[in-house]
Amino acid sequence: MTTTTTTAPAPPPVTTPPGASGAAVSALARFEMRRLLTRVPVVVAFAVYVAWTVWRTRVSFDGFPALQDADRATQDGPLLVGLAVLLSANHAVLRSRRHDTERHLDVLVLPRWGRTVAHLLSVVAAALLVAVCVGGQFAWEALKPGAVGHGSPAELLVGPLSVLLLGGLGVLLARLVTAPFAAPLLIVLLLFLATFLGFSDDDWTRWLMPSVGTYSAVTLPSDLIGRPAAWHALYLGGFALTLMAASVLLSGGARLRTAQAAVAGAVALTLAGAVGQSRGVPETVTEARVRASVTPEKVHTCVERDGTTYCVFPEWEQRTGDWARAVDDVRALAGGDAQDRPLVVRQRVEARYGLDADSTLASLTRPGEVTVGTAWGGNRVPEFAVSVAGVLVTGSEAMTGEMCDGRMVTVMWLALAGRPDPVADLRRVRIDDSDTGSAIVVSRTEPLQMTSAQTELLRELLELPRDEAAAKVKAGWAELTAPKVTTDRVARVLGLEKPEGEDGCL
């Protein structure tokens, strides 16, 4: 008897279809992305960030932003989101250890380094969402009718890159330390360093921080900023890539040539950015700052409007219309030949000390020249009106700064009477925000002094109907603008009661 044994055909070998690993990483990345962006810390951080941005941007820069300042204003808010992403990404990477599923994941087709890549891609998604918010904030500023200047793409990248850096740090920390309290402790340490570790303004080490805020009352033309923004963005991007590539290496990807090359390239970028941002202000920028401060007429563009010449830095040319309206309001109330007297409004800035400068400019000595700064809106409008009125009354800024007599009443009335709320603007231009008593009147050049008697008389004049007060001022213009005229004499000329307050200058 013969037995025939039939051998079953061998099953075909199991092969991984091309791209399956990439598809698995992509699928896991989408899952982790949804989990990360819906985590409570991230949702709360984004809500606070967006709400704060909207609330602040509505009234930022008094509606007249310089875009070279607006780009830096986008950098602090994303740090809150970055800290939340750090905590949540770290928590997500440690999920398998908390639930004791690490040994089960190790038998899957997706290796440990692939899961790390998925977590890193979720961090990239958060950074891209912040980039959208940053773009929206800057676009809002740029679309305001009073916007001038030019923003820096490198400055706008700081916010998203900070989120990428902090998120990558959270993933790397999870691969180094499996303790769940490591991320909260790291956040406390980072906040401590940011709050209490002080850097001088010229210390290159401050550029090692994600965001380097430089805030000042002065706005410089965009070509005088002098910040190493591009180098700093390169440093942040390289640092973030270094942390992310190191996370992949520590997750079992040490044999991957791509990961090795990524680490080497990222470290090179980080070092190049760190060296570049430590070099200080370029010599060409320093020379341009001196030229703009000492001899601004060499870089000015001049335009004429209704008898007034406006000489400005090129980026501010479109703002001459706003200045012209303020000048016209003051001229319309003046008497004598002041309505037709030629004026030169010259834009000036002290740029030699960079963004940290906030010094008073010297008064112009040439007749008919008025200083205007680089900021506008808010208090700057009545301040400028006071300067214009002072030059119309005294002849020059230098003489206005030396004025200590009753002409101050005429100057302040010319500046404020055409404003929607003259008394509120009076408070805005006085250093103590008062509308009674003596005070210092702020100015881009030398400050002025108002005595208690002058303030009292000005309030009386402002309470009259504007047309009636204007008729009185024009009728007595010669006496009201005469040097050394007393406040009591001004009151008699205007037909007002003699003020009771003191009338002595400081």
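Residues numbered from 1 in each chain as written. Predicted model: local features only at pLDDT ≥ 70, side-chain atom pairs only at ≥ 80, totals over all residues. Heavy atoms only, no water.

Turning to the overall build of the chain, a few remarks are in order. A tally of regular secondary structure across the chain gives 21 helices and six strands. The buried share of the chain, reckoned over its 506 residues, is 48%. Approximately 24,200 Å² of the chain is accessible, and the part contributed by carbon and sulfur atoms is 61%. (Helix = DSSP H or I, 4+ residues; strand = E, 2+ residues; numbered from the N terminus. Buried < 20%, exposed > 50% of the residue type's maximum accessible area, 1.4 Å probe, protein only. Areas by Shrake-Rupley, 256 points an atom, 1.4 Å probe, with all protein chains shown as cover.)

Let us now look at the pattern of salt bridges. Counted by the stated rule, this structure contains 17 salt bridges. Notably, a salt bridge pairs Asp 69 with Arg 72, separated by 3.1 Å at the nearest N-O pair. Exposure class is identical for Asp 69 and Arg 72. Each is buried. Measuring nitrogen to oxygen at the nearest pair gives 2.7 Å for the salt bridge that ties Asp 425 to Arg 419. Since its relative accessible area comes to 2%, Asp 425 is described here as buried. Within this structure, Arg 346, Arg 366 and Glu 369 form a network of salt bridges that share partners. (Salt bridge = Lys/Arg side-chain N within 4 Å of Asp/Glu carboxyl O.)

This brings us to the confidence of the model for the chain. In the predicted model, the chain carries a mean pLDDT of 88, and 90% of its residues have values of at least 70. In the predicted structure, residues 13-20 sits below a pLDDT of 50 and forms zero contacts with residues beyond four places in sequence or in another chain. (pLDDT = per-residue confidence, 0-100. Contact = heavy atoms within 4.5 Å.)

Let us look at the pairing of strand S1 (residues 301-305). Pairing between S1 and strand S2 (residues 308-312): five bridges, direction antiparallel. When the bridges of S2 are listed, Arg 305 appears paired with Thr 308. Between the antiparallel neighbours S1 and S2 lie two residues, among them Asp 306 with a positive phi of about 50 degrees. (Pairing = 2+ DSSP bridges.)

Together, Val 40, Val 44, Val 48 and Leu 80 make up an exposed nonpolar region whose accessible area comes to about 340 Å². A per-element tally of the nonpolar patch places helix H2 (residues 40-57) first, with three residues. Looking at where Val 48 falls in the secondary structure, it is placed in helix H2. (Patch = residues over 30% accessible without salt bridge, like charges linked within 9 Å, V, L, I, M, F, W, Y side chains within 5 Å.)

Judged by nonpolar contacts, the single largest core of 66 residues is most densely connected at Phe 384, Met 412, Trp 413 and Leu 414. With nine residues, helix H14 (residues 380-394) is the single largest residue contributor to this core. Within the second largest apolar cluster, 41 residues are counted, among which are Leu 67, Leu 94, Ala 127 and Leu 156. (Core = buried A, V, L, I, M, F, W, Y, C linked by side-chain atoms within 4.5 Å.)

Here the focus is the state of the cysteines. Here a disulfide denotes one covalent bond, and it connects the sulfur atoms of two cysteines. Counted according to the given criterion, the structure contains one disulfide. With a sulfur-sulfur separation of 2.2 Å, Cys 302 is cross-linked through a disulfide to Cys 311. On the sign convention where negative is left-handed, the bridge of Cys 302 and Cys 311, at about 110 degrees about the S-S bond, is right-handed. By relative accessible area, which is 45% here, Cys 302 ends up partly exposed. Of the residues examined, Cys 311 reaches a relative accessible area of 3% and is grouped as buried. (Disulfide = S-S within 2.5 Å.)

The subject of this paragraph is the UniProt feature "transmembrane region" (unreviewed entry) in the chain. Taken from the UniProt record, the annotation "transmembrane region" (unreviewed entry) applies to residues 36-55, 77-96, 117-140, 156-174, 181-199 and 229-250. Secondary structure across residues 36-55 comprises 90% helix and 0% strand; the distance between its end C-alpha atoms is 26 Å. Secondary structure across residues 229-250 divides into 100% helix and 0% strand, with the first and last C-alpha atoms of the span separated by 32 Å. (UniProt positions renumbered as here; feature names shortened; annotations may be inferred.)

Moving on to the sheet that holds S2. One open sheet holds the four strands; their spatial order is S1-S2-S3-S4, and the pairing between them is mixed. Unpaired on one side and paired on the other, S1 and strand S4 (369-372) mark the two borders of the sheet. Averaged over all adjacent pairs, the angle separating strand axes in this sheet is 20 degrees, with direction ignored. Pairing of strand S3 (residues 343-347) with S4 involves four bridges; the strand directions are parallel. By the bridge assignment, Gln 347 is partnered in S4 with Val 372. (Axes fitted to C-alpha atoms, helices over the stretch in contact; angles between N-to-C directions.)

So, on to the environment of Gly 170. Position of Gly 170 among the secondary structure elements: in helix H8 (residues 153-176). The class of Gly 170 is buried, set by a relative accessible area of 0%. Residues Gly 170 and Ala 89, 81 residues apart in the sequence, show an inter-C-alpha distance of 5.8 Å. Those residues in contact with Gly 170 that lie beyond four places of it in its chain are Leu 86 and Asn 90.

Okay, the side chain of Thr 242 next. Residue placement: Thr 242 occurs in helix H10 (residues 229-253). Side chain to side chain, Thr 242 and Thr 270 meet in a polar contact 3.4 Å long. Residues in contact with Thr 242, not counting those within four places in the same chain, are Ala 266, Val 267 and Thr 270. (Polar contact = N/O pair within 3.5 Å; in protein donor to acceptor, adjacent residues only side chain to side chain.)

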